[in-house]
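What the coordinates show
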Amino acid sequence: MASRALTSSRALVVPAERELDLATLRQVAARACEVRLARAQLARVRRAAQLIERVAAGSRSVYGVNTGFGSLAQTPIAREELERLQRNLVLSHAAGTGPPLPDGVVRLVLVLKIASLAQGHSGVRAATVEALQRLLATQTYPCIPAKGSVGASGDLAPLAHLAAVLIGVGEARHGGRAMPATRALARIGLAPLRLAPKEGLALLNGTQVSTALALAGLFAIEAVFAAALVAGAMSVDALKGSDAPFDARIHRLRRQPGQQRVARALRRLIAGSRVRASHLQCAHVQDPYSLRCQPQVMGACLELIHQASAVLLREANAVTDNPLVFEADRAVLSGGNFHAEPVAFAADQLALAIAEIGSMSERRVALLTDAKMSGLPPFLVENSGVNSGFMVAQVTAAALVAENKLLAHPASVDSIPTSANQEDHVSMATYAARRLTEMAENAATIVAIELLAAAQGLELHRPLRSSRPLEAALRLIRARVPRYTRDRYFAPDIDAARRLVRSGELSKLLEPQPLP
């Protein structure tokens, strides 16, 4: 029996004249959805497909319609071989490897591919777009291997695995289980497609996998950034640091908007703390940089996040296959929109930002656990010696910082020629984007350790209370992890705090929101 589509209340609607936005894409990454297209969009798709049909029936050679691919672009293909040409393209290019992409990323890929094809510049039939919509609406997700794309000429291998499912080849996940594509299609009432001219190429070309991976990384990094701001403010208070370096007058002179936003967030997080009030007249002059320079470092990270999110949003709404169809001009033009250099650069920027966020956070953990610097019990535990407290939690944070430093090496500066040197410069955007999830997870763990350490430090100042926002953060932590009074199995505490970081719940304590 065929699966039914989702109800309209859960549908992601893409009207004819409205572009995707980041809020919508976050929802796509998080939960099941469907795309609905306006009649005008489908009409544009049909007109472009009709132009491709006329080209295929004519004598003029047009790349990918009646020629070979890549370095075989000069090879003419007979009309009776055009369907086989497109099918062979999908089969031969489905050469990916590695673990399958998670469902949230595959949903993003499907939404981005539908949005691109629906603009009517790709030459596919409406039935092909509707088949993609059906996969999405019935939560039938192609099994797409994570590795095998260099981010130029489109994400060829991963998108070939998506296209393969449409023709009944490969595997898809349906109802949470992987199964042969033919069985998955049968369950949702679809027959395998017979590809029309250019359809295989339109499905394979494009930056949708790189962009989806980068968006997934962006969303994870946003949650870590917000949690790191809260953790940083908690650490300032736990270490009896000064909030004077966050004074608005300092940051106005720097003229960096991200820096000013972070300073404002930190001021509001700390305002009203009785811990801060208790040492206003102390002789201490300056705090270490990991406390004092948070606006400068985290503000620079915020600017990179803003820049990258703008690039990725434009890419999410772009048409990136080749050749492109301009039906109104009766033109089919071959170009290079599939080259994912903008995505690679954006992903590299995000990698730099998340590496620095984790690095600053670990330095504050080191301060909190060092009795000489903090004035708190060694390793934040009473009866230290018998108890080791946060000693090795800080080592874990340091290890993850080192990992992220290596992962942050720019991928976009690398290139390796492919396809007999026809594709002689590539972006490496897919790897650049794919590593972001791992880096965000590492940084989430580092910030989780800081949250636990800062919470411990604040409680060691009792009966003094911190500010309302930071006490609220402390309650969120303690709802998941009890106070560390003596040594216990530590890993579950870190896991629980990391889940809090990833949930994005701490971002609600930031007012106004610094993120896009």
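Everything here concerns the structure above.
None of these values were measured; they are calculated from a predicted model.

Sheet strands line up and pair through hydrogen bonds in the backbone, either parallel or antiparallel. If you trace the three strands from one edge of the open sheet to the other, you get 4-6-7, paired in antiparallel fashion. Unpaired on one side and paired on the other, strand 4 (140–142) and strand 7 (177–180) mark the two borders of the sheet. When the angles between neighbouring strand axes are averaged without regard to direction, this sheet yields 35°. Examined bridge by bridge, strand 6 (residues 171–174) and strand 7 share four bridges and lie antiparallel to one another. Bridge pairing in strand 7 links histidine 174 to arginine 177.

What follows covers the side chain of glutamine 133. Tracing the chain through its elements places glutamine 133 in helix 5 (residues 126–137). By relative accessible area, glutamine 133 is classed as buried at 14%. Leave out the neighbours within four places in its chain, and glutamine 133 touches Val35, Arg36, Leu37 and Ile114.

In this section: the nonpolar core. Core analysis: the largest hydrophobic core is formed by 166 residues, its most contacted members being Leu132, Leu215, Phe225 and Met234. Among the elements that line this core, the one with the most residues is helix 9 (residues 208–238), at 21 residues. Excluding its chain neighbours within four sequence positions, the residues that come into contact with leucine 215 are Leu22, Leu25, Leu108, Leu112 and Leu312.

With an omega of -5°, the peptide bond running from asparagine 322 to proline 323 counts as cis. Structurally, proline 323 is set in the loop between helix 14 (294–316) and strand 8 (324–326). Here the amide bond leading from arginine 462 into proline 463 is cis, since omega sits at 20°, within 30 degrees of zero. Within the secondary structure, proline 463 sits in the loop between helix 18 (429–459) and helix 19 (468–478). Phi at glutamine 139 takes a positive value of approximately 55°, unusual for a residue other than glycine.

We now examine the pairing of strand 6. Sheet topology places strand 4 next to strand 6; three bridges connect them, and they run antiparallel. In the strand pairing of strand 6, threonine 140 is matched with histidine 174. Where strand 6 folds back on strand 7, the antiparallel hairpin that results is connected by two residues, among which glycine 175 adopts a positive phi of roughly 65°.

Our focus in this paragraph is a nonpolar patch on the surface. Where nonpolar side chains cluster on the molecular surface, the patch consists of Met391, Val392 and Val395 and spans about 250 Å² of accessible area. When you line up the elements, valine 392 lands in helix 17 (residues 391–407).

As enumerated under the stated definition, the model contains three aromatic pairs in all. Residues phenylalanine 390 and phenylalanine 490 carry aromatic rings whose centres are separated by 5.0 Å and whose planes lie at 90° to one another, so their mutual orientation is edge-to-face. A residue pair is termed long-range when its members are at least 10 positions apart, and phenylalanine 390 in the loop between helix 16 (371–374) and helix 17 and phenylalanine 490 in the loop between helix 19 and helix 20 (491–503) qualify at 100 residues. For the pair phenylalanine 390 and phenylalanine 490, a shared accessibility class is recorded, and that class is buried. Ring pairing ties together the aromatic residues Phe390, Tyr484 and Phe490, which thus form one cluster.

Taking 1.5 Å of rise per residue, the 31 residues of helix 18 would be expected to cover 45 Å, and the 45 Å separating its terminal C-alpha atoms lies within 8% of that figure. Helix geometry: helix 18 is bent most strongly at threonine 437, by close to 25°. For helix 18, the tally of buried residues reaches 26 of 31 residues, placing the bulk of the element in the interior.

Attention now goes to the packing of helix 9 against helix 11 (residues 257–270). Relative to each other, helix 9 and helix 11 sit at 55°, their axes nearing to 10 Å. Between helix 9 and helix 11, the angle falls in the class oblique. Crossing geometry of helix 9 relative to helix 11 is assigned as right-handed. For the pair formed by helix 9 and helix 11, the contact residues are Phe225, Leu229, Val230, Ala233, Val236 and Asp237 on the first element and Val262, Ala265, Leu266, Leu269 and Ile270 on the second. In the contact of helix 9 with helix 11, the residues fall into 10 nonpolar, no polar and one charged.

To continue, consider the environment of alanine 233. The residue alanine 233 is located in helix 9 in this model. The exposure class assigned to alanine 233 is buried, which follows from its relative accessible area of 0%. Contacts of alanine 233, omitting those with residues within four sequence positions, involve Leu266, Leu269, Ile270, Gln294 and Leu470.

Here is what the cut-offs are and how they apply
Residues numbered from 1 in each chain as written. Predicted model: local features only at pLDDT ≥ 70, side-chain atom pairs only at ≥ 80, totals over all residues. Heavy atoms only, no water. Pairing = 2+ DSSP bridges. Helix = DSSP H or I, 4+ residues; strand = E, 2+ residues; numbered from the N terminus. Axes fitted to C-alpha atoms, helices over the stretch in contact; angles between N-to-C directions. Buried < 20%, exposed > 50% of the residue type's maximum accessible area, 1.4 Å probe, protein only. Contact = heavy atoms within 4.5 Å. Core = buried A, V, L, I, M, F, W, Y, C linked by side-chain atoms within 4.5 Å. Patch = residues over 30% accessible without salt bridge, like charges linked within 9 Å, V, L, I, M, F, W, Y side chains within 5 Å. Areas by Shrake-Rupley, 256 points an atom, 1.4 Å probe, with all protein chains shown as cover. Salt bridge = Lys/Arg side-chain N within 4 Å of Asp/Glu carboxyl O. Phe/Tyr/Trp six-rings, centres within 6.5 Å; stacked < 30°, edge-to-face > 60°. Expected span 1.5 Å × (residues − 1). Bend = angle between axes of the 7 residues up to and from the residue. Parallel < 35°, antiparallel > 145°, perpendicular 65-115°, else oblique. Left-handed = near helix turned anticlockwise from the far one by under 90°. Nonpolar A, V, L, I, M, F, W, Y, C, P; charged D, E, K, R; others polar.

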